[in-house]
Amino acid sequence: ALLTVLVRPFIFEERNFTMRIAAGESTAMLVLLVLLFRRVSVRAVLALVLRSPALSFCTSFSIVAGLAIGLATSNFGTLSRYRIPMMPYYVLLVLILSHRESREAVTRAVVGDGAGAAKGASTRAPRP
């Protein structure tokens, strides 16, 4: 149900102009997700999501709304209309996680700041 809401319609399912636009949108999001998880592990993404209240909300809202919509709807037309309130949170989540600085923050969250921590360097600016 969740995959139906988040990644459908596929490009090969399009039949008209409206479906072509929806297929392009969902394909772009799917490509961003695949690229994200090829670069960063699921554990690292989960660590970043759990550290940020905004990302935690976007994730939980997208999962809960996506499951509810996917289980309750079988018609693609109504599925497209019902998922509109969920899509800004889902798109925001994927775009933030796909951003380059976010990937670096994910790596620092999981691995830690090795250079500063190993040398005992402080991250604070010295007092005048």
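Residues numbered from 1 in each chain as written. Predicted model: local features only at pLDDT ≥ 70, side-chain atom pairs only at ≥ 80, totals over all residues. Heavy atoms only, no water.

(A) Here's a closer look at the environment of I69. Note on placement: I69 falls in helix 4 (residues 53–72). With eleven residues separating them along the chain, I69 and S80 place their C-alpha atoms 9.7 Å apart. (Helix = DSSP H or I, 4+ residues; strand = E, 2+ residues; numbered from the N terminus.)

(B) Just unusual backbone geometry, in detail. Between R8 and P9 the backbone carries a cis peptide bond, its omega angle lying at 5 degrees. Examined against the element boundaries, P9 turns out to sit in the loop between helix 1 (2–7) and helix 2 (17–39).

(C) Inspection of a nonpolar patch on the surface at higher detail. Together, I63, L67 and L71 make up an exposed nonpolar region whose accessible area comes to about 290 Å². Along the chain, the position of L71 falls in helix 4. (Patch = residues over 30% accessible without salt bridge, like charges linked within 9 Å, V, L, I, M, F, W, Y side chains within 5 Å. Areas by Shrake-Rupley, 256 points an atom, 1.4 Å probe, with all protein chains shown as cover. Salt bridge = Lys/Arg side-chain N within 4 Å of Asp/Glu carboxyl O.)

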